There are 2 protein chains.
Amino acid sequence: MITRAKEKICEVKDFPKPGIGFKDITPLVEDATCYNHVIDKIASWAKDREPQIVAGIEARGFLFAAPVAHRLGLGVAIIRKKGKLPRETVCVRAPNEYAVEYFEMHSDSISHSQRVLIVDDLIATGSSSISAIDLVKKLGGDVVGFASVVELLFLKGMDCIKKAHPDVDVLSLIQFEE
Amino acid sequence: MITRAKEKICEVKDFPKPGIGFKDITPLVEDATCYNHVIDKIASWAKDREPQIVAGIEARGFLFAAPVAHRLGLGVAIIRKKGKLPRETVCVRAPNEYAVEYFEMHSDSISHSQRVLIVDDLIATGSSSISAIDLVKKLGGDVVGFASVVELLFLKGMDCIKKAHPDVDVLSLIQFEE
């Protein structure tokens, strides 16, 4: 089934910039069987880690974080790009393959020592993943796992995440060699 | 429980512009009980309408559309702001309270006569909701319902939606008088 889910992801060349091969997950989330299988796989991996809340990263990350939270009977803490959240926030630098962005969460989104599972769509260079973990930790959260649907192996993001946050277990479901 | 969910929504004055009272749903989605109740309510309203896919509107809309889809065992068709989707899209004008934006979907996201439930976080003036329904119809979808978590009654968006799309059943769970 993961093989079938992988086949649903299509590569779009030169998006959003020349030279970038964009992995488009929209056909995967449109496919009920593949989508729900991916959600179930992440939820079942996360369950033993006993998260108390799921953190999701805007915008595609919400497509996976929110149903995983629902599956586990939890709420969602929201990580957004700078300027979108209306109240007091904590902010971290979040460089990605295309640009330097900033991630923000409301200061009260995570309580001290709360067990947090972070869910995102993609691990590329690992920079955004590291920034998201940084941010949750900055808010006092205990990151019990980071789950991503896709991993681009050739960018070696997993190594970077492990180096920056050796205490965090990381899952990726679908890997691309190129 | 809907009363409790309503209490979780906090109003932030003058965001994102002076004069706007922004309804912040982040405390609601962080609260496991309220969040999951809201998802269950939308899913149970939608079930009898026999949707075949759920359409979600970027970004906060994804927080509700995705778990409703999971709950119903369906996939999610994605409505994004202009320029975010990598393949051939269909586009509609989507003015809101703050600015004129454009909504896009991949041309192949909805199949002809597919039964589509649209889920969003908020009905304000109704303009974005109407644009989302326009877009799904333009792709050939049959909109079997539009569900929103919050409705700002004083902006009379529901009347505008009913006028533009009298064939579409609309649900809002939490209403604000002001």
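Okay, so let's go over this structure. (Residues numbered from 1 in each chain as written. Chains lettered and ligands numbered in written order. Predicted model: local features only at pLDDT ≥ 70, side-chain atom pairs only at ≥ 80, totals over all residues. Heavy atoms only, no water.)

**Notes on the overall build of chain A**
- Helix and strand content of chain A: six helices and nine strands.
- For chain A, whose C-alpha radius of gyration is 15 Å, the value lies close to the compact-globule estimate of 16 Å for 178 residues.
- Counting the 178 residues in chain A, one finds 57% classified as buried.
- In chain A, of all internal contacts separated by at least 6 residues, the share reaching a separation of at least 24 is 64%.
- For chain A, the exposed area adds up to about 7200 Å²; of that, 48% sits on carbon and sulfur atoms.
- Charge centroids of chain A, computed over 23 positive and 25 negative side chains, lie 1 Å from each other. (Helix = DSSP H or I, 4+ residues; strand = E, 2+ residues; numbered from the N terminus. Rg over C-alpha atoms; globule rule 2.2 N^0.38 Å. Buried < 20%, exposed > 50% of the residue type's maximum accessible area, 1.4 Å probe, protein only. Contact = heavy atoms within 4.5 Å. Areas by Shrake-Rupley, 256 points an atom, 1.4 Å probe, with all protein chains shown as cover. Lys, Arg positive; Asp, Glu negative; His and termini not counted. Charge placed at Lys NZ, Arg CZ, Asp CG, Glu CD.)

**Digging into the pairing of strand E6 (residues 100-106) of chain B**
All names here are of chain B.
- Pairing geometry for strand E4 (residues 76-81) and E6, over two bridges, is antiparallel. Each bridged residue has a counterpart across the sheet, and for Arg 80 the counterpart in E6 is Glu 104.
- Taken together, the seven bridges between strand E5 (residues 89-95) and E6 define a ladder with antiparallel strand orientation. Residue pairing in the sheet places Thr 89 in a bridge with His 106 of E6.
- Counted between consecutive antiparallel strands, the loop separating E5 from E6 contains four residues. (Pairing = 2+ DSSP bridges.)

**Some points on the packing of aromatic side chains**
- Per the stated rule, a full pass over the model turns up four aromatic pairs over all chains.
- Between the aromatic rings of Phe15(B) and Phe22(B), the centroid separation amounts to 5.1 Å while the plane-to-plane angle is 80 degrees, which identifies the pairing as edge-to-face. Like Phe15(B), the residue Phe22(B) is buried in the burial classification.
- Centroid distance Tyr35(B) to Phe64(B): 6.0 Å. Interplanar angle 65 degrees. Geometry classified as edge-to-face. Of this pair, Tyr35(B) sits in helix H3 (residues 32-47) while Phe64(B) sits in helix H4 (residues 62-72); the two residues are 29 residues apart in sequence, bridging distant segments of the chain.
- Given a relative accessible area of 0%, Tyr35(B) falls into the buried group.
- Of note, Lys23(A) hangs over the ring of Phe176(A), and the distance from its end group to the ring centre comes to 4.4 Å.
- Across from the ring centre of Phe176(B), 5.0 Å away, lies the NZ or CZ of Lys6(B), which sits over that ring. (Phe/Tyr/Trp six-rings, centres within 6.5 Å; stacked < 30°, edge-to-face > 60°. Lys NZ or Arg CZ within 6 Å of the ring centre and 35° of its normal.)

**Thoughts on the sheet that holds strand E7 (residues 115-123) of chain B**
All names here are of chain B.
- Pairing is mixed in the open sheet, where seven strands are placed in the order E5-E6-E4-E3-E7-E8-E9. A single partner strand is all that each edge strand has here, and the edge strands are E5 and strand E9 (170-176). Averaged over all neighbouring strand pairs, the angle between strand axes comes to 20 degrees, with direction disregarded. (Axes fitted to C-alpha atoms, helices over the stretch in contact; angles between N-to-C directions.)

**Concerning the sheet that holds strand E5 (residues 89-95) of chain A**
Residues and elements named next belong to chain A.
- A sheet is described by the order of its strands in space; here seven strands give the open sequence E5-E6-E4-E3-E7-E8-E9, paired in mixed fashion. Each edge of the open sheet is held by one strand with a lone partner, namely E5 and strand E9 (170-176). Going across the sheet, the axis of each strand differs from the next one's by a mean of 20 degrees, ignoring polarity.
- In this sheet, strand E7 (residues 115-123) lies alongside strand E3 (residues 53-57) in parallel orientation, the contact comprising four bridges. Directly across from Val 54, in E7, lies its bridge partner Leu 117.

**Structural notes on H4(B)**
Residue and element names in this part refer to chain B.
- Burial runs high along H4: nine of the 11 residues are buried.
- Buried residues of H4: Phe 62, Leu 63, Phe 64, Ala 65, Ala 66, Pro 67, Val 68, Ala 69 and His 70, and no others.
- Once H4 finishes, Gly 73 follows within two positions and takes phi at roughly 70 degrees, a positive value.

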